[in-house]
Amino acid sequence: MAQVQGSKTVSRRALFKTAGLGLLGASLLGQVQPARAQAPMDMALPLGLKRLQLGDASLTLIQETSLQLPANVFGGGAPEGAVSELLAENNLPSETIDASVNIILLDDGINKVLFDTGTGQTLLPSLEAIGVAAEDITGVVFSHFHGDHVGGASFEGALAYPNAMYYFPQLEWDFVTAASDNQGAQNAVSKLQPALNSDQLSFFQDGDEIISGVQALAATGHTPGHHIFELASGSESITYMADTANHYLAALLNPEWSFSFDSDPAEATAARREQYGRVADEGSRIIAYHFPFPAVGYIDREGDGFRYLPA
């Protein structure tokens, strides 16, 4: 695997499809608390906390917040009422979906690395509550540009994690820096600009080993540069699925049902099928960003679709 190199030089590529991409970023960034001091510790403890061992490394899973989304955002291309019917059949509320926001903290004894930063509302005080200072974080890896993933990257022009290298998909950066008419993309650029200014923004490609034991895998379609990550230590590995897996029932049982925020629904469906099939056939553990906390488990094939099995 090629070791990624930090660089501020990027090439502009053809402008990607933009339909729907700005909505999630704009809506969620509007909810972000702009200053760390405004989040009282007693109001910002982790909603959920779980620790896992991965070979010689440890993973801490933090439920930063939970988003209430209309059920129909998970059923693009589905028959009318199919999502609500599926939810009701599984004894879940049929009109809204509780989408958890699950952050990974990897500690390999040398690096402390976050995977995405949530909406920015509670992650910093949540880390402090478990004894991890912002200054302790050495790396922040981003899957894509949406506001519920980059919202905690910086506040009022200052990096949330001042000693960290920020890692962002090159393909995604090419998109957001070219999409001047996309508010969500421009919000992401603003969130990452302090890292660029301080030479702490590094770009990666499909297949790059970002840090030792962390490999980026392109899974585009949700956004133009969306990536997932294979985390490995010793003989163990786990796949962080990011937004390739958005709902543990609808997205897996019916991978062809698109998510409203997918930039290219057909490409996103192909990525879902490819990655679900890969982890199912390999028997690999996964962590999903929006599954019910702690969102750790396995994916099995079921008919023409898949089934999530919590670990």
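In what follows, the accompanying structure is described.

Parameters and conventions
- Residues numbered from 1 in each chain as written.
- Predicted model: local features only at pLDDT ≥ 70, side-chain atom pairs only at ≥ 80, totals over all residues.
- Heavy atoms only, no water.
- Helix = DSSP H or I, 4+ residues; strand = E, 2+ residues; numbered from the N terminus.
- Buried < 20%, exposed > 50% of the residue type's maximum accessible area, 1.4 Å probe, protein only.
- Salt bridge = Lys/Arg side-chain N within 4 Å of Asp/Glu carboxyl O.
- Pairing = 2+ DSSP bridges.
- Axes fitted to C-alpha atoms, helices over the stretch in contact; angles between N-to-C directions.
- Contact = heavy atoms within 4.5 Å.
- Phe/Tyr/Trp six-rings, centres within 6.5 Å; stacked < 30°, edge-to-face > 60°.
- Lys NZ or Arg CZ within 6 Å of the ring centre and 35° of its normal.

### A short note on the environment of Q170
Link 1 in the chain: Here Q170 is to be found in helix 5 (residues 170–178).
Link 2 in the chain: Of the residues examined, Q170 reaches a relative accessible area of 9% and is grouped as buried.
Link 3 in the chain: Spatially, the C-alpha atom of Q170 lies 9.1 Å from that of D206, the residues being 36 residues apart in sequence.

### Some words on the pattern of salt bridges
Link 1 in the chain: Scanning the model with the defined rule gives nine salt bridges in all.
Link 2 in the chain: A salt bridge links E230 to R278, with the shortest nitrogen-to-oxygen separation between them at 3.5 Å. Here the residue E230 occupies a position in strand 12 (residues 227–233), and R278 occupies one in helix 8 (residues 265–282), the gap between them amounting to 48 residues.
Link 3 in the chain: The class for E230 is buried, based on a relative accessible area of 13%.
Link 4 in the chain: Residue R278 is classed as partly exposed on the basis of its relative accessible area, which comes to 21%.
Link 5 in the chain: For R285, the salt bridge goes to E236, with nearest N and O atoms at 3.8 Å. Of this pair, R285 sits in strand 14 (residues 285–287) while E236 sits in strand 13 (residues 236–240), and the two are 49 residues apart along the sequence.
Link 6 in the chain: For E236, a relative accessible area of 33% corresponds to the partly exposed category.
Link 7 in the chain: Connected via shared salt-bridge partners are E230, R278 and E282.

### Examining the sheet that holds strand 10 (residues 209–211)
Link 1 in the chain: Here we have seven strands laid out as an open sheet, ordered 10-11-12-13-14-15-16, and mixed in their pairing. Here the strands that pair on one side only, and so sit at the sheet edges, are strand 10 and strand 16 (305–310). Across this sheet, the average inter-strand angle for adjacent strands is 35°, counted without regard to direction.
Link 2 in the chain: In terms of strand pairing, strand 14 meets strand 15 (residues 296–302) through two bridges, oriented antiparallel. Residue pairing across strands places I287 opposite V296, the latter belonging to strand 15.

### Considering the pairing of strand 9 (residues 201–204)
Link 1 in the chain: Every second residue of strand 9 is oriented toward a common face, with L201 and F203 on one face and S202 and F204 on the other, all of them buried.
Link 2 in the chain: One ladder, built from four bridges, connects strand 8 (residues 165–169) with strand 9; its direction is parallel. Across the sheet, the residue bridging to Y166 is L201, located in strand 9.

### Some thoughts on the sheet that holds strand 2 (residues 57–70)
Link 1 in the chain: Sheet architecture is open: seven strands sit in the order 1-2-3-4-5-8-9, paired in mixed fashion. Bordering the open sheet on either side are strand 1 (48–54) and strand 9, each of which pairs with just one other strand. Ignoring which end each strand starts from, the neighbouring axes of this sheet average 25° apart.
Link 2 in the chain: Here strand 3 (residues 96–107) runs beside strand 4 (residues 112–115); their pairing, made up of four bridges, is antiparallel. Opposite D107, over in strand 4, you have K112 as the bridge partner.
Link 3 in the chain: Sitting on the sheet, helix 5 is in contact with strand 8 and strand 9, with an inclination near 80° to strand 8.

### Side note on the packing of aromatic side chains
Link 1 in the chain: A complete count under the given rule lists 16 aromatic pairs for this structure.
Link 2 in the chain: Ring centres of F168 and W173 lie 6.0 Å apart, and the angle between their planes is 85°; this geometry places the pair in the edge-to-face category. Neither residue differs from the other here; F168 and W173 are each classed as buried.
Link 3 in the chain: Summarising the aromatic geometry, the rings of F204 and F229 are spaced 5.7 Å apart at their centres and angled 75° between planes, so their arrangement reads as edge-to-face. Of this pair, F204 sits in strand 9 while F229 sits in strand 12, placing them 25 residues apart in sequence. The pair formed by F204 and F229 is uniform in burial state, with each residue classed as buried.
Link 4 in the chain: Through a chain of ring-to-ring contacts, the aromatic side chains of F115, F204, F229, Y240 and Y289 assemble into a single cluster.
Link 5 in the chain: The ring of F155 has K191 lying over it, and the distance from NZ or CZ to the ring centre is 4.7 Å.

### Considering the pairing of strand 1
Link 1 in the chain: Alignment of strand 1 against strand 2, held across seven bridges, turns out to be antiparallel. Of the residues in strand 2, the one forming a bridge with R51 is T60.
Link 2 in the chain: Here strand 1 folds back onto strand 2 in antiparallel fashion, the turn holding two residues, of which G55 has a positive phi close to 60°.

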